[in-house]
Amino acid sequence: MTQYNFAYLDEQTKRMIRRAILKGLAIPGYQVPFASREMPMPYGWGTGGVQVSAAILTPEDRFKVIDQGADDTTNAVSIRTFFERTAGVATTTATSDASVIQTRHRIPEEPLTEKQILVYQVPIPEPLRFLEPRESETRKMHALEEYGLMHVKLYEDISRHGHIATSYAYPVTVEGRFVMDPSPIPKFDNPKLGDMAAIQLFGAGREQRIYALPPYTKVVSLDFDDHPFEASKADHPCGLCGAEESYLDEVIIDDAGGRMFVCSDTDYCERRQAAGHVGKLGGKDAA
Amino acid sequence: MQAETLSGGFADPAIQSAQAFRGVMEAMARPGTVRSISGATPPAPLSGAAGTVLLTLCDPDTPVYLAGEADCDAVRGWLAFHTGAPLAGPSHCMFAVGTWDQLNPLSVYKIGTPEYPDRSATLIVECTELTGSGACLKGPGIKTSSALSVPEVQAFQHNTALFPLGLDFILTCGNTVAALPRSTRVSEADGATEVSSCTLP
Amino acid sequence: MYVAVKGGERAIENAHAWLAEERRGDKSIAELGIAQIREQMKLAVDRVMAEGSLYDPDLAALAIKQARGDLIEAIFLIRAYRTTLPRFGASQPVDTGAMACDRRISATFKDLPGGQVLGPTFDYTHRLLDFKLAADGEVPKAPQRDAAAGDVPHVTDFLNREGLIEEAPQDDTDPPDLTREPLEVPADRALRLQALARADEGFTLGLAYSTQRGYARNHAFVGELRIGAVSVEMDIPELGFAIEIGEVALTECETVNQFKGSKTEPPQFTRGYGLVFGQTERKAISMALVDRALRWEELGEDDVGAPAQDAEFVLYHADNIQATGFLEHIKLPHYVDFQSELELVRKLRCEAGADQAQEAAE
Ligand SMILES: [Zn+2]
């Protein structure tokens, strides 16, 4: 059968996606509709991110893929292999060596630079979707800047639980205008969204939306004066590298329910360990 | 058909358009930065950068308005052959290309709708110079402030006031490109060249 | 000592190898050929072509083989292949009046020009397992007659002549293209029909059935159901006229629905329409019923809040490739989001516990 094009997509599809990316950058936080294509991996498995990556990658790039912060989770491996095969692009697991990073559910711990682009896989791009299931309605709400419903929902959480009960995909306001879903990153990552040196692109394949944050964009997590936004994480250091400030995965380590906490960003953790940082359970003798 | 019509396209479209797009995207994401892009050699009066932008972004789905001198047989034939983009008037185009004077008045272009602000025109402005000095720029994509040689200031201020509606601009000169999205706040630099003399909030 | 799980790459390769082995099954059994699937699993092939939006029986058969008979997986393979194909242009509208009908029935008239042709239908088979097939599937040749010459007129044309059914005027505007532009609501009828034509058969069937049971009942009769081949013609600009580029099998269903009349319209019948690749009559009839239900607004009917009336609900959930992908993606790791929920629940429980303790103390 036929050879596939560079980065799989045909040129006309790439142009369509590229035009959407430019409009997304020009209107930060606004969801640009695009005619998402069927990709050779299922919807919901990163087809939006894959299409954005396919539209921006050049042969000079070095590509990194993370899922839940890790380079070696099966879906990250699968997407990385896809681009090695279809774009012949170099890949890496080192955050600082990558020029394009496609991610699902995390922002790397290591601050990104102006030479980098972060591409998010987005399942449900509409921050108002769970308050209003109809696209025709939510589109009007964005047009009219009618975000009262979102504040009411968050405030109901506070009156019921004493806290805002949203811990991931925590909505943000972009440049004081559009309310945006940052994809299901933990709210711990929210403060990194704003003023980032790298370009951030968001692709939702099944929902056919692309949106963007140019570098150094003002991004504010929604909150209230009496309940300011708080980026939280498990109150432990990493068991392997001892990091105090990284986002942690909880791992069950024995049948008795014993637990340990390790960095979700595997590259960050490995680099720290290589540099000699040792957590409580990371040393050779700790077994 | 003229030889000029058939030549001057991308030799390796997939790779060259990817490289050119990265230049345009970086320009749009970081207003005030000037980059070089290459690949196309369009007929006069189009610059290499404007031709490269057209080949990178235009196809049969994008009506193009050729303003002023750009609307000549050579350019029409070249654009049709290499992109298949239909020609349109300024009020129906997705892309327009020409000098600042020839593209004006700006009020006729599509600025999007409140529900679909992305359905707006992108203007490729051919400039006689393009440098990172002149008017002061602030907004998304800019750390504190940047500067750019813009054809005028007031028109961009009007455009920014329409946000989230509005036009987006790609500025071209020779083989260089810069961009001014609608989100960029433009003001006169008061100390001639000093970038730090910006007075915007 | 804890070591993070590594080796995703190896795991994937091994899984693929095992999958290939399972696909082949017992090697002492002859391997299934593409031609066998194409010829003997024709209705599966037709469904894959219809919902995959690509008319190519050999590719559909290959997809079915590769997908181990999982038809949604096969449809997915076809869709992913389809997106990579260049588009040369659009065909002329096919003329179903000129269809070479294998089957053509009307439930509204006992007899009519062109006749009732049962064709190769399950309809009147007794659903008894045929154990003979297990041993020997060879069959005697079915009786034949010459095909009737000339076009077969549509039943709705007869009603139209009397003015008893709503007009369906010719519309020459280019239809929107769901595969080229993002779906946008409200969607006009052309776009809705396009979405329904590739919609999941089961979803469409369920919605159609719900209208029969009273959720936006529209009293449908099968005015006509026809299955057969039509020629596909395409304008060739260089030639200045259209030429036949091939032939496709289609199933077309037109329903005739009751309608009381409105302030502006006299009482008359209304239409529902279904058109699907291949021999896919369950799908085509379902499509016609759902089409009719979605037309409530243009016909001035009440919105009774039924699912089949809700265009946004129907169109955004009818595509089985979108649905299955998103449904199955919850198998992917979600431990980052789950971890953030864990932290929150622990915090809330901790505070609730403190509150209770304080209340008890008071
Ligand atoms: Zn660590």
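Owing to the predicted nature of the structure, the values given are computational and were not obtained by experimental measurement.

Notes on the overall build of chain C
Here comes step 1: Assigned secondary structure in chain C consists of 13 helices and 4 strands.
Here comes step 2: Taken over C-alpha atoms, the radius of gyration comes to 26 Å for chain C, far larger than the 21 Å a tight globule of 362 residues would show.
Here comes step 3: Taking the principal axes of its C-alpha atoms as reference, chain C extends roughly 90 × 65 × 55 Å.
Here comes step 4: Counted over contacts in chain C with a minimum sequence separation of 6, partners at least 24 positions apart contribute 65%.
Here comes step 5: By element, 56% of the accessible surface of chain C is carried by carbon and sulfur atoms, the whole surface being about 21,700 Å².
Here comes step 6: Measuring between centres, the 39 positive side-chain charges of chain C sit 5 Å from its 62 negative side-chain charges.

Observations regarding the overall build of chain A
Here comes step 1: Regarding its fold elements, chain A presents 7 helices and 12 strands.
Here comes step 2: Radius of gyration (C-alpha) of chain A: 20 Å, near the 19 Å computed for a compact globule of 287 residues.
Here comes step 3: With respect to the three principal axes, the spread of C-alpha positions in chain A is 60 × 55 × 35 Å.
Here comes step 4: Within chain A, the proportion of its 287 residues that are buried is 67%.
Here comes step 5: Pairs at least 24 residues apart make up 62% of the contacts formed inside chain A by residues separated by at least 6 positions.

Here we look at helix 12 (residues 320-328) of chain C
Residues and elements named next belong to chain C.
Here comes step 1: Buried within helix 12 are the following residues: N320, I321, Q322 and G325.
Here comes step 2: In this fold, the buried residues of helix 12 make contact with helix 3 (42-52), helix 5 (71-82) and helix 11 (311-317).
Here comes step 3: Where helix 12 begins, one side-chain oxygen reaches toward the backbone nitrogen of I321, 2.9 Å away; that side chain belongs to D319.

Points about the nonpolar core
Here comes step 1: Counting residues in each nonpolar core, the largest one holds 86 residues, and the members touching the most others are A:I21, A:L25, A:I56, A:F83, A:L201 and B:M25.
Here comes step 2: Here this core takes 9 residues from helix 2 (residues 13-29) of chain B, the largest share from any one element.
Here comes step 3: One finds B:A88, B:L106, B:V150 and B:A155 within the second-largest nonpolar core, a separate group that totals 29 residues.

Quick look at the sheet that holds strand 9 (residues 185-187) of chain B
All names here are of chain B.
Here comes step 1: Pairing is antiparallel across the open sheet formed by 3 strands, whose spatial order is 6-5-9. Of all strands in the sheet, those with a lone pairing partner are strand 6 (146-148) and strand 9, marking the two edges. Geometrically, the sheet is characterised by an average inter-axis angle of 35 degrees between neighbouring strands, direction not taken into account.
Here comes step 2: For strand 5 (residues 135-138) and strand 9, the ladder comprises 3 bridges, and the chain directions are antiparallel. Within strand 9, the position partnered with L137 by the bridge is V186.

Section: the coordination of the zinc ion
Note on metal geometry: ideal angles are 109.5 degrees for four donors arranged tetrahedrally and 90 or 180 degrees for six donors arranged octahedrally.
Residues and elements named next belong to chain A.
Here comes step 1: Coordination sphere of the zinc ion, protein contribution only: C238 (SG), C241 (SG), C263 (SG) and C269 (SG), at 2.2 to 2.3 Å.
Here comes step 2: Of note is the zinc ion, whose 4 donor atoms meet at the metal with angles of 105 to 118 degrees in an arrangement that counts as tetrahedral.
Here comes step 3: Spacing between the donor residues of the zinc ion along their common chain follows C-x2-C-x21-C-x5-C.
Here comes step 4: Judged by its relative accessible area of 5%, C269 falls in the buried class.

What to know about the interface of chain C and chain A
Here comes step 1: Counting residues at the interface gives 47 residues for chain C and 68 residues for chain A.
Here comes step 2: The junction of chain C with chain A conceals about 4,900 Å² of combined surface from both sides, 57% of it contributed by carbon and sulfur atoms.
Here comes step 3: Linking chain C with chain A are 4 salt bridges.
Here comes step 4: Note that C:D310 and A:R134 form a salt bridge whose closest N and O atoms lie 2.4 Å from each other.
Here comes step 5: Across the chain C-chain A interface, the total number found is 23 residue pairs in polar contact (both at pLDDT 80 or more).
Here comes step 6: Elements with a contribution of two residues or more to the side of chain C that touches chain A: helix 1 (8-24), helix 5, helix 11, helix 12 and helix 13 (335-361) of chain C.
Here comes step 7: At 13 residues, the largest contribution of residues to the side of chain C that touches chain A is made by helix 13 of chain C.

Some words on the domain arrangement of chain C
All names here are of chain C.
Here comes step 1: Splitting chain C by domain gives domain 1 (8-82) and domain 2 (96-120 + 143-318).
Here comes step 2: Using C-alpha coordinates to define each centre, domain 1 is positioned 30 Å away from domain 2.
Here comes step 3: On the domain 2 side, the residues contacting the 12 residues of domain 1 number 15 residues.
Here comes step 4: In total, domain 1 and domain 2 occlude about 1,100 Å² of area from one another, counting both sides; carbon and sulfur atoms represent 53% of this.
Here comes step 5: Counting the surface domain 1 buries against domain 2, the share from its top three residues, A50, E51 and Y55, is 46%.
Here comes step 6: Summed over the shared surface of domain 1 and domain 2, the result is 1 salt bridge.
Here comes step 7: R47 is the salt-bridge partner of D200, the closest N and O atoms lying 3.0 Å from each other.
Here comes step 8: Applying the counting criterion to the domain 1 and domain 2 interface returns 5 residue pairs in polar contact (both at pLDDT 80 or more).
Here comes step 9: Sorting the residues of the side of domain 1 that touches domain 2 by element identifies helix 3 and helix 5 as the ones contributing at least two each.
Here comes step 10: Counting residues per element, the side of domain 1 that touches domain 2 draws most heavily on helix 3, which supplies 6 residues.

Examining the pairing of strand 9 (residues 209-213) of chain A
Residues and elements named next belong to chain A.
Here comes step 1: Most of strand 9 sits out of view: 5 of its 5 residues are buried.
Here comes step 2: Here strand 9 shows no split at all, with R209, Y211 and L213 on one side and I210 and A212 on the other all buried.
Here comes step 3: In terms of strand pairing, strand 1 (residues 32-33) meets strand 9 through 2 bridges, oriented antiparallel. By the bridge assignment, P33 is partnered in strand 9 with R209.
Here comes step 4: Note that strand 8 (residues 199-204) and strand 9 share 5 bridges and pair antiparallel. Paired with Q200 across the two strands is L213, which belongs to strand 9.
Here comes step 5: Linkage of strand 8 to strand 9, two consecutive antiparallel strands, is achieved through a turn of 4 residues, within which Q208 is found at a positive phi near 60 degrees.

Rules used in this analysis
- Residues numbered from 1 in each chain as written.
- Chains lettered and ligands numbered in written order.
- Predicted model: local features only at pLDDT ≥ 70, side-chain atom pairs only at ≥ 80, totals over all residues.
- Heavy atoms only, no water.
- Helix = DSSP H or I, 4+ residues; strand = E, 2+ residues; numbered from the N terminus.
- Rg over C-alpha atoms; globule rule 2.2 N^0.38 Å.
- Contact = heavy atoms within 4.5 Å.
- Areas by Shrake-Rupley, 256 points an atom, 1.4 Å probe, with all protein chains shown as cover.
- Lys, Arg positive; Asp, Glu negative; His and termini not counted.
- Charge placed at Lys NZ, Arg CZ, Asp CG, Glu CD.
- Buried < 20%, exposed > 50% of the residue type's maximum accessible area, 1.4 Å probe, protein only.
- Polar contact = N/O pair within 3.5 Å; in protein donor to acceptor, adjacent residues only side chain to side chain.
- Core = buried A, V, L, I, M, F, W, Y, C linked by side-chain atoms within 4.5 Å.
- Pairing = 2+ DSSP bridges.
- Axes fitted to C-alpha atoms, helices over the stretch in contact; angles between N-to-C directions.
- Donors = N, O, S within 2.8 Å, 3.2 Å for Na, K, Ca; no water.
- Tetrahedral: all angles 85-135°; square planar, octahedral: opposite > 155°, others 65-115°.
- Buried area = accessible area lost by both parts, 1.4 Å probe.
- Salt bridge = Lys/Arg side-chain N within 4 Å of Asp/Glu carboxyl O.
- Domains from an automatic or database assignment.

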